[in-house]
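Summary of structural features
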Amino acid sequence: MAVGDGSLSLLAVSAFPDWLRATHLLNVLFLTLLARSGLEILSSFPKLYWDDHCAHGTEVLKLTRKPVPTGRLTIGLEEEESWSPLLALPGRRNLGLGRHWHFAAVIAWIATGAVYVVLLFAAGEWRRLVPSSWSIFPDALDAALTYLSLDVPAPGEPYNGLQQLVYFSIVFGLAPLTIASGAAMSPGLIGRFPGFVRLFGGKQRARTIHFACLAGFVLFTVSHTALVALHGLRGRLGEILLGAADAEHAVAVALVVLAAIVTLNVVATVGSLRSPRRAQRALDVLVAPLQHVLSRTLVSQQRYDRALVTPRHRINGFPPKGEPYERLRADSFASWQLEVGGLVERPLRLALDDLRRLEPSTQVVTHNCIQGWTGVAKWTGVPLARVLELCGPLPAARFVVFHALDDKADTPDAIEPGAGLFYETIELAVARHPQALLAYEMNGEPLAVEHGAPLRLRLENQLGFKMVKWLRAIELVDDVAQIGAGHGGWKEDHVYFGSPAAI
Ligand SMILES: Nc1nc2c(c(=O)[nH]1)N[C@H]1C(S)=C(S)[C@@H](COP(=O)(O)O)O[C@H]1N2
Ligand SMILES: [Mo]
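Residues numbered from 1 in each chain as written. Chains lettered and ligands numbered in written order. Predicted model: local features only at pLDDT ≥ 70, side-chain atom pairs only at ≥ 80, totals over all residues. Heavy atoms only, no water.

Some points on the confidence of the model for the protein chain
Considering every residue of the protein chain, the mean pLDDT works out to 95; 97% of them sit at 70 or more. For the stretch residues 1-13, pLDDT sits under 50, and the model shows 30 contacts to residues farther than four places along the chain or on other chains. (pLDDT = per-residue confidence, 0-100. Contact = heavy atoms within 4.5 Å.)

Some points on the site of ligand 1
Close to ligand 1 lie 21 residues, the nearest being R314, D406, K408, H451 and K469. Separating an oxygen atom of ligand 1 from a side-chain N or O atom of H451 is a distance of 2.7 Å. A distance of 2.4 Å separates an oxygen atom of ligand 1 from a polar side-chain atom of K469. In isolation ligand 1 exposes 530 Å². Once the protein is present, 99% of that is buried. Its residues assigned to classes, the shell around ligand 1 shows 9 nonpolar, 6 polar and 6 charged. (Near = heavy atom within 4 Å. Polar contact = N/O pair within 3.5 Å; in protein donor to acceptor, adjacent residues only side chain to side chain. Areas by Shrake-Rupley, 256 points an atom, 1.4 Å probe, with all protein chains shown as cover. Nonpolar A, V, L, I, M, F, W, Y, C, P; charged D, E, K, R; others polar.)

Remarks on helix 10 (residues 250-274)
For helix 10, with 25 residues, the first-to-last C-alpha span of 36 Å sits near the 36 Å given by 1.5 Å per residue. Among the residues of helix 10, those classed as buried are A250, A254, I261, N265, A268, T269 and S272. Contacts from the buried residues of helix 10 go to helix 1 (18-43), helix 2 (95-122), helix 9 (233-242) and helix 11 (276-297). (Helix = DSSP H or I, 4+ residues; strand = E, 2+ residues; numbered from the N terminus. Expected span 1.5 Å × (residues − 1). Buried < 20%, exposed > 50% of the residue type's maximum accessible area, 1.4 Å probe, protein only.)

Digging into the domain arrangement of the protein chain
What the domain assignment reports for the protein chain is domain 1 (18-45 + 80-296) and domain 2 (300-495). A straight line from the C-alpha centre of domain 1 to that of domain 2 covers 38 Å. Our count for the domain 1 to domain 2 interface comes out at 1 salt bridge. Note that R296 and E427 form a salt bridge whose closest N and O atoms lie 3.2 Å from each other. Connecting domain 1 to domain 2 are 16 residue pairs in polar contact (both at pLDDT 80 or more). (Domains from an automatic or database assignment. Salt bridge = Lys/Arg side-chain N within 4 Å of Asp/Glu carboxyl O.)

Considerations on the sheet that holds strand 3 (residues 337-342)
Pairing in this open sheet of 5 strands is mixed, and the strands run 4-3-12-7-8 from one edge to the other. In this open sheet, the two strands that pair with only one neighbour each are strand 4 (348-351) and strand 8 (421-427). Strand-to-strand twist across the sheet, computed as the mean angle between neighbouring axes with direction ignored, equals 20 degrees. Alignment of strand 3 against strand 12 (residues 471-477), held across 4 bridges, turns out to be parallel. (Pairing = 2+ DSSP bridges. Axes fitted to C-alpha atoms, helices over the stretch in contact; angles between N-to-C directions.)

Structural notes on the nonpolar core
One recurring pattern in soluble globular proteins is that nonpolar side chains are buried together. Of all hydrophobic cores here, the largest spans 54 residues; its most connected members are L338, L355, L384, F402 and L438. When near neighbours in sequence (up to four residues on either side) are disregarded, L355 contacts W336, L350, V382, V387, Y440 and L455. By size, the runner-up hydrophobic cluster in this structure holds 37 residues, among which are L20, A108, Y167 and I170. (Core = buried A, V, L, I, M, F, W, Y, C linked by side-chain atoms within 4.5 Å.)

Here we look at the packing of helix 2 against helix 11
Relative to each other, helix 2 and helix 11 sit at 50 degrees, their axes nearing to 9 Å. Relative to helix 11, the element helix 2 lies oblique. The way helix 2 lies across helix 11 gives a crossing that is left-handed. Judged by residue contacts, L97, R99, H100, W101, F103, A104 and I107 of helix 2 engage P276, A279, Q280, L283, D284, L286, V287, L290 and Q291 from helix 11. Of the residues assigned to the contact of helix 2 with helix 11, the class counts are 11 nonpolar, 3 polar and 2 charged. (Parallel < 35°, antiparallel > 145°, perpendicular 65-115°, else oblique. Left-handed = near helix turned anticlockwise from the far one by under 90°.)

Things to note about the packing of helix 2 against helix 5 (residues 161-183)
Closest axis-to-axis distance for the helix 2/helix 5 pair is 13 Å, and the angle between their directions is 150 degrees. Our classification of the angle between helix 2 and helix 5 gives roughly antiparallel. Considering only the axes of helix 2 and helix 5, their crossing is left-handed. Along the contact surface, helix 2 presents W109, I110, Y116, V117, L120 and F121, while helix 5 presents V171, F172, A175 and I179. Residues of the contact of helix 2 with helix 5, tallied by class, amount to 10 nonpolar, no polar and no charged.

Description of the pairing of strand 7 (residues 399-407)
Along strand 7, 7 of the 9 residues are buried, which leaves the element largely enclosed by surrounding structure. Here 6 bridges tie strand 7 to strand 8, and the two strands are oriented antiparallel to one another. In the sheet register, F402 faces strand 8, and the bridge partner there is E424. Here strand 7 runs beside strand 12; their pairing, made up of 6 bridges, is antiparallel. From the neighbouring strand, V400 faces strand 12, where its bridge partner is L476.

If you want it as structure tokens, here you go:
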């Protein structure tokens, strides 16, 4: 017999303990921040693929109608969409801040989840959640059929079979899968543990699965809320919010909680749009230390099969415009020199031939643009460590600055606002990683202009934007505060990307 009046408590056994009610609430808040900041990240490359070549036309899902321009050089940034702040956090093409929100929220969400799971087992509450008999399946089917006949199944201990099975799959299935597929997109982990990412079949598959996880959470939230309402909205809200099924003001309290979650989202959104640097600083309290540790410790060990290289590797950033670069190009960069200076014992000027005379190194690796696209290529050049050996960094040197020939003033503001010569910085320890390379060849050919001729940086545990193309000089410094606007790179100065960038 179905119990349809909803007056019978789901939790006749015992009410939800305080810690469970608190973690449930925080979980809802962090999930809203995660979903919205995740959409912000997605908007910077609103296409999902099944393999890491990301070839145009092979999308699994395309959330943009923007055509890909033909007949001229196009760059990845032109594929970005601007989504509304009503949907995305913070919206309006703010990948840098969207990522900060996503990583800060995921740290808080995982911490909440860890507390919840530990207490679940410590308090013996796991018995409510973890199925202990095969009868869970027929029970779940039974409950499902009862719901389908628009009736309410009898309460279980405390959940019915379907509820228990679904809740269990969310906590011990969907949540870990979401975390793992998210982690599998990190260039640091892709570099250090290529086998882990292969479990998913590559980064793009992990990215597509990560998005499917979002869809799973949305579907769950909608059906969970609907079923809770079916079981008696007031009673259930009372239990989860106030710890008593007969709470008088349950609905009013629920509305206040909802308003608080919405308000926090509004504050996060408006604050990020109005004072992006301040928002970034605040979020960096959680995010920056993690990035620093991962960037230093996740040393790339990628050795891909060279048959896997991407036929049409995407490009980002327009090549330098104007007379000086054209002149270098005209004589195949014979007059180009790389300046190496700053806090070094021996300042250097290296021509392309000087670099080619040093012992070359080759690596077949995945390129991870911060937008989300990937490409596999074979890069050949001189290990950065070798050049550091030649110049001899002084003890005070802590960072390496890479100066480029391209001025962002030459890029239309609609594609990338801001001006100034491009540069990025990395920690000296990262420059010594074996796959940190000054590349002059790509896929066995001299580096093409679009990909950074005559020389570009490769860092296989970092995002693409750190890998400066069209190099002109390398400078060793003790602090990045004096370089550019002082945030560690052109992207950090202008679009609030985090520095370093291992996730
Ligand atoms: N000098 C310079 N280097 C740059 C950029 C740039 O705009 N200017 N863009 C970066 C970004 S965002 C990426 S993803 C990679 C792209 O490298 P690729 O064009 O060889 O694929 O270059 C990086 N290096
Ligand atoms: Mo990028």
